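Residue strings, one per chain:
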Amino acid sequence: MDESMLSDAALVMRCQHELPETTRSFEELVRRYTQRIYTLVFRIVANREEAEDITQDVLLKAYHSLPQLKHPAQFSTWLYRMATNAALDSLERRRRHPWAAPIEQASEQAQPSPAAAVSLAHPEEQLLRNELRDCINTVLCTLEREQAQILVMRELEELSYDDIARTLDVSLGAIKMRLHRARLAFQRLFLKLCSHYARVVRSRPRPGRSGQQRPSQQTQPLPRQRQRKKEQP
């Protein structure tokens, strides 16, 4: 059967029986998930070259770890969790050794999600947004790892509470409580470390389509404040 017609779980089970002699099933998993993993990692580290390196490292680790994956149906959440940890590890190294941080940060226009790119009226606003993004990354790597991980899974990967519970192997109630605590911890640190940047960016006017000035869109740090109809704890 053509590998492209198989489910993730079926491909994982094939990999567990065929690797390393045959790699066709793994190559199909790589084809499906490379861009998704890169996008997730880029959202965290905000550097294209670094995101590419981490993505390759995660896929290589997945290649070697697939035989130990007990639940093939959970491959995607397992892979995303691995990628999240790798990206947070990179942020932590950057915080501990700022001299080793990537020199060239990717611009907002280069981010993988076009909807996330914002047309900026002032170069200094671009700079402030970049600084705010870096400050948010500092908050993420200052949080306890479990708190940062669960925020990324919920707010960036947009996993459901059920998916997060299965990934972390804890109850649904525990996930809701941990997420609540993580959001509170993030907000406290954000107000301490990043509130100045957020106020400045929000206060800058931006021209509308008619040429009139309008307030700039509010910068939305993790956790994003948006309406969820079904899954509010």
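For clarity, every value in this text was computed on a predicted model and none was experimentally measured. (Residues numbered from 1 in each chain as written. Predicted model: local features only at pLDDT ≥ 70, side-chain atom pairs only at ≥ 80, totals over all residues. Heavy atoms only, no water.)

Caption draft 1: Just the environment of Phe 190, in detail. Relative to the elements of secondary structure, Phe 190 occurs in helix α8 (residues 172-193). Sequence separation between Phe 190 and Ile 136 is 54 residues, and the spatial gap between their C-alpha atoms is 7.0 Å. (Helix = DSSP H or I, 4+ residues; strand = E, 2+ residues; numbered from the N terminus.)

Caption draft 2: Region of interest: the state of the cysteines. As enumerated under the stated definition, the model contains one disulfide in all. A sulfur-sulfur separation of 2.3 Å characterises the disulfide bridge that pairs Cys 135 with Cys 194. On the sign convention where negative means left-handed, the S-S torsion of about -95 degrees between Cys 135 and Cys 194 marks this disulfide as left-handed. Placement of Cys 135 in helix α5 (residues 123-142) and of Cys 194 in the loop between α8 and α9 (195-203) is noted, with a sequence separation of 59 residues between them. The buried category is assigned to Cys 135, whose relative accessible area is 9%. Accessibility expressed as a relative area gives 0% for Cys 194, which makes it buried. (Disulfide = S-S within 2.5 Å. Buried < 20%, exposed > 50% of the residue type's maximum accessible area, 1.4 Å probe, protein only.)

Caption draft 3: Structural view of the pattern of salt bridges. The full count for this structure, using the stated rule, is eleven salt bridges. Two residues, Arg 24 and Glu 3, come together in a salt bridge whose shortest N-O distance is 3.1 Å. Of this pair, Arg 24 sits in helix α2 (residues 24-45) while Glu 3 is found in the segment before α1 (8-18), placing the two residues 21 residues apart along the sequence. Glu 3 gets classed as buried once you look at its relative accessible area, which sits at 9%. Residues joined in a network through salt bridges with shared partners are Asp 8, Glu 28, Arg 31 and Arg 32. (Salt bridge = Lys/Arg side-chain N within 4 Å of Asp/Glu carboxyl O.)

Caption draft 4: Helix α6 (residues 145-156), seen in detail. With twelve residues, α6 extends 16 Å from end C-alpha to end C-alpha; this agrees with the ideal 16 Å at 1.5 Å per step. For α6, every residue scored as buried is listed here: Gln 147, Ala 148, Gln 149, Ile 150, Leu 151, Val 152, Met 153, Arg 154, Glu 155 and Leu 156. Glu 158, located one to two residues past α6, shows a positive phi value of around 60 degrees. (Expected span 1.5 Å × (residues − 1).)

Caption draft 5: Main features of empty space enclosed by the protein. The final tally for this structure, using the stated rule, is one cavity of 30 Å³ or more. Empty space within the largest cavity amounts to approximately 30 Å³. Those elements that place two or more of their residues in the lining of the largest cavity are α2, α3 (48-65) and α4 (75-96). Among the elements that line the lining of the largest cavity, the one with the most residues is α2, at four residues. Its residues assigned to classes, the lining of the largest cavity shows eight nonpolar, no polar and no charged. (1 Å grid on protein atoms, 1.4 Å probe; cavity = no way out; pocket = protein on both sides within 12 Å on 5 of 7 lines; lining within 4 Å. Points joined across faces, edges and corners; volume = space filled by probe spheres on them. Nonpolar A, V, L, I, M, F, W, Y, C, P; charged D, E, K, R; others polar.)

Caption draft 6: The packing of α6 against α8, seen in detail. Relative to each other, α6 and α8 sit at 105 degrees, their axes nearing to 9 Å. It follows that α6 is roughly perpendicular to α8 by the angle criterion. Here α6 contributes Glu 146, Gln 147, Ile 150, Leu 151, Arg 154 and Glu 155 to the contact with α8, which in turn contributes Ile 175, Arg 178, Leu 179, Arg 181, Ala 182, Arg 183, Ala 185 and Phe 186. Class assignment of the residues belonging to the contact of α6 with α8 gives a composition of seven nonpolar, one polar and six charged. (Axes fitted to C-alpha atoms, helices over the stretch in contact; angles between N-to-C directions. Parallel < 35°, antiparallel > 145°, perpendicular 65-115°, else oblique. Contact = heavy atoms within 4.5 Å.)

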